[in-house]
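Architecture at a glance
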Amino acid sequence: MSPGPGPSNKDPSNIPMSELHHLTLAQLAAGLRARQFSSVEVTRHFLTRIERLNPQLNALITVTGERALAAAQAADRKLASGGAPTLTGLPLVHKDIFCTDGVLTTCASRMLSNFVAPYDATVVERLSQAGVISLGKANMDEFAMGSSNETSYYGPVRNPWDLKKVPGGSSGGSAAAVAARIAPAATGTDTGGSIRQPAALTSLTGLKPTYGRVSRFGIVAFASSLDQAGTLTYTAEDAALLMQAMAGFDPRDSTSVDEPVPDYSAALHQPLAGLKIGLLREFFERGLDEATAKLVRDALKVYESLGAKLIDVSLPNLPLSVPTYYVVAPAECSSNLSRFDGVRFGYRCENPVDLTDLYKRSRGEGFGAEVKRRIMTGTYVLSAGYYDAYYLRAQKVRRLITDDFARAFAGVDVLMGPTSPTPAFDIGAKVDDPITMYLNDIYTIGANLAGLPAMSIPCGFLGGLPVGLQIIGAHFAEAKLLNVAHAYQCESEWHTRMPRGYE
Ligand code: GLN
């Protein structure tokens, strides 16, 4: 393997042991194979950084140091005997929405603050079978509901680019951990933008695959028709490595798709000449910060210089994606979260007087304000009198949005635009204004409603804060997305920058 561009411009084969966090997964994998360092050394390096830096970031809820070191020893034995899979001995962190056998899985909720999962999610199982080592579980918005990581029962996560700013959400702990180099990669989930938006706000490469590409088995359900697991990494090359292990049919998830998994790493190096890029007119029209728009346009120029053609595309129903999502997602969440009743597992109130009291107080005390808001909205839009007016109508608009995308992909290979309307905002700035908070997802939600794969890659900085370029593909076009993202990363250096104090 010849690792491509990394988060450091230094020669990876000559990196001092104190700077192992400057390497990408691909570079770490090459170093492990070349016996430049061992998996125990890499794992210990990141655990030391976690100990030192996590308190100021609050990026991790649980750290599994002992387990990680035991797994690293096993990985070193496998590496020594030869033939070990590519990812052997590489550490990462999992968003705390993935069930992990024998390890606390909280979903950042008081409701699950005592829940030790009895099995691994398929994503966790596949990555560990591929040799990946889990360092711990990342903080997130409660039940993945949020865009700023402020709804966590465990407190807000801080953005390493500016500790006063949010890292985005809901996979904000995953993003902050990777951006601060306390883990070289992380898993996340994306229901309405929760991988791409935090990736944009922390200068990472975030990939949300096609709905059905990666198994949802063992992921605590938020909105089942939208949820999808993906990756937060420094580079598209690293995302390709993780996706190779994560993707594929799983009989335990009835919505997982039985399609062959292409060789993602092999697809990275295709030339882009003749690539047709659709520019989403609706994304550039309203609400977009002018300086953000300029950085996105600069990135598009790089693509033009690589031989791509830019084509204006309009998706007339796309502006309806936020209201549509905020009917569909709460509806599904109100149904999914009905399982937390204080009886079967999770939080239970003290001294209930009867069953109704047990239900009411367990849920009342176990869920935070945003989760309750969603459950109430969802219950309302599904209720007998309002189902047709809200839920059914939202489903119809969802179809129109999906059809808009299908028409667009008849004429272009990928769509591009901004990931987030602004760079990271101050902690506390939007937390009391749900509508303003919901509008953060205006550019990301469409891909979830249509089930499409989408990425965010770093494309510049504004006042020291990162900006992301979003790339959306047709169903199952992950290989194309990774290829397009990798080509840009070979021409740019935004993804190599590190936040001050974390170098
Ligand atoms: N921010 C969106 C929400 O609050 C999306 C969350 C997500 O993708 N999990 O629902």
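Cut-offs and rules
Residues numbered from 1 in each chain as written. Predicted model: local features only at pLDDT ≥ 70, side-chain atom pairs only at ≥ 80, totals over all residues. Heavy atoms only, no water. Helix = DSSP H or I, 4+ residues; strand = E, 2+ residues; numbered from the N terminus. Expected span 1.5 Å × (residues − 1). Buried < 20%, exposed > 50% of the residue type's maximum accessible area, 1.4 Å probe, protein only. Salt bridge = Lys/Arg side-chain N within 4 Å of Asp/Glu carboxyl O. Near = heavy atom within 4 Å. Polar contact = N/O pair within 3.5 Å; in protein donor to acceptor, adjacent residues only side chain to side chain. Areas by Shrake-Rupley, 256 points an atom, 1.4 Å probe, with all protein chains shown as cover. Nonpolar A, V, L, I, M, F, W, Y, C, P; charged D, E, K, R; others polar. Pairing = 2+ DSSP bridges. Right-handed = clockwise from strand over helix to strand, strands pointing away. Disulfide = S-S within 2.5 Å. Axes fitted to C-alpha atoms, helices over the stretch in contact; angles between N-to-C directions. Parallel < 35°, antiparallel > 145°, perpendicular 65-115°, else oblique. Left-handed = near helix turned anticlockwise from the far one by under 90°. Contact = heavy atoms within 4.5 Å.

A short note on helix H17 (residues 478–491)
With 14 residues, H17 should cover 20 Å at 1.5 Å per step; its first-to-last C-alpha distance of 20 Å lies within 8% of that length. In terms of burial, H17 is largely enclosed, as 11 of its 14 residues are buried. Among the residues of H17, those classed as buried are Glu478, Ala479, Leu481, Leu482, Asn483, Val484, Ala485, His486, Ala487, Tyr488 and Gln489.

Describing the pattern of salt bridges
Summed over all chains, the structure comprises 17 salt bridges. Ionic pairing is found between Lys164 and Asp162, a salt bridge with its closest N-O pair at 3.5 Å. Accessibility expressed as a relative area gives 55% for Lys164, which makes it exposed. The closest approach of N and O atoms between Arg216 and Asp253, which form a salt bridge, is 3.8 Å. Of this pair, Arg216 sits in the loop between strand S5 (205–208) and strand S6 (229–233) while Asp253 sits in the loop between helix H7 (236–246) and helix H8 (264–267), and the two are 37 residues apart along the sequence. Per residue, the accessibility class of Arg216 equals that of Asp253, and both read buried. A cluster of three or more residues bridged by salt bridges with shared partners is formed by Glu125, Asp250 and Arg252.

So, the site of the ligand
If you check the shell around the ligand, you find 15 residues, and the closest are Gly192, Ser194, Tyr325, Arg374 and Asp441. A distance of 2.8 Å is found between a nitrogen atom of the ligand and a backbone nitrogen or oxygen belonging to Ala144. Within the backbone of Gly192, an N or O atom sits 2.6 Å from an oxygen atom of the ligand. Contact with the protein chains removes 100% of the 290 Å² of surface that the ligand exposes when unbound. A breakdown of the residues in the shell around the ligand according to their chemical character gives five nonpolar, seven polar and three charged.

Section: the pairing of strand S2 (residues 91–95)
The buried count for S2 comes to five of five residues, which makes it a mostly enclosed element. Pairing between S2 and strand S3 (residues 133–138): five bridges, direction parallel. By the bridge assignment, His94 is partnered in S3 with Lys137. Between S2 and its parallel partner S3, the chain crosses via helix H4 (residues 122–129), and the hand of that crossover is right-handed.

Some thoughts on the state of the cysteines
If you walk through the whole model with that rule in mind, you get zero disulfides. Free of any disulfide, Cys99 has its nearest neighbouring cysteine sulfur in Cys107, separated by 8.4 Å. For Cys99, a relative accessible area of 5% translates into the label buried. Cys459 takes part in no disulfide bond, and the closest cysteine sulfur, belonging to Cys490, lies 17 Å away. A relative accessible area of 2% places Cys459 in the buried class.

Remarks on the packing of helix H2 (residues 39–57) against helix H3 (residues 65–81)
Between H2 and H3, the least distance of the axes is 8 Å, while the angle of their chain directions is 160°. What the angle tells us is that H2 and H3 run roughly antiparallel. Between H2 and H3 lies a crossing of right-handed hand. Of H3, the residues touching H2 (which contributes Ser39, Val40, Thr43, Arg44 and Leu47) are Gly65, Ala68, Leu69, Ala72, Gln73, Ala75 and Asp76. Its residues assigned to classes, the contact of H2 with H3 shows six nonpolar, four polar and two charged.

Focus on the packing of helix H10 (residues 290–305) against H17
Contact geometry of H10 with H17 gives a least axis separation of 10 Å together with a crossing angle of 95°. Judged on the interaxial angle alone, H17 and H10 are roughly perpendicular. Along its contact with H10, which presents Ala299, Val302 and Tyr303, the element H17 presents Val484, Ala485, Tyr488 and Glu491. Looking at the contact of H10 with H17 residue by residue, the classes come out as six nonpolar, no polar and one charged.

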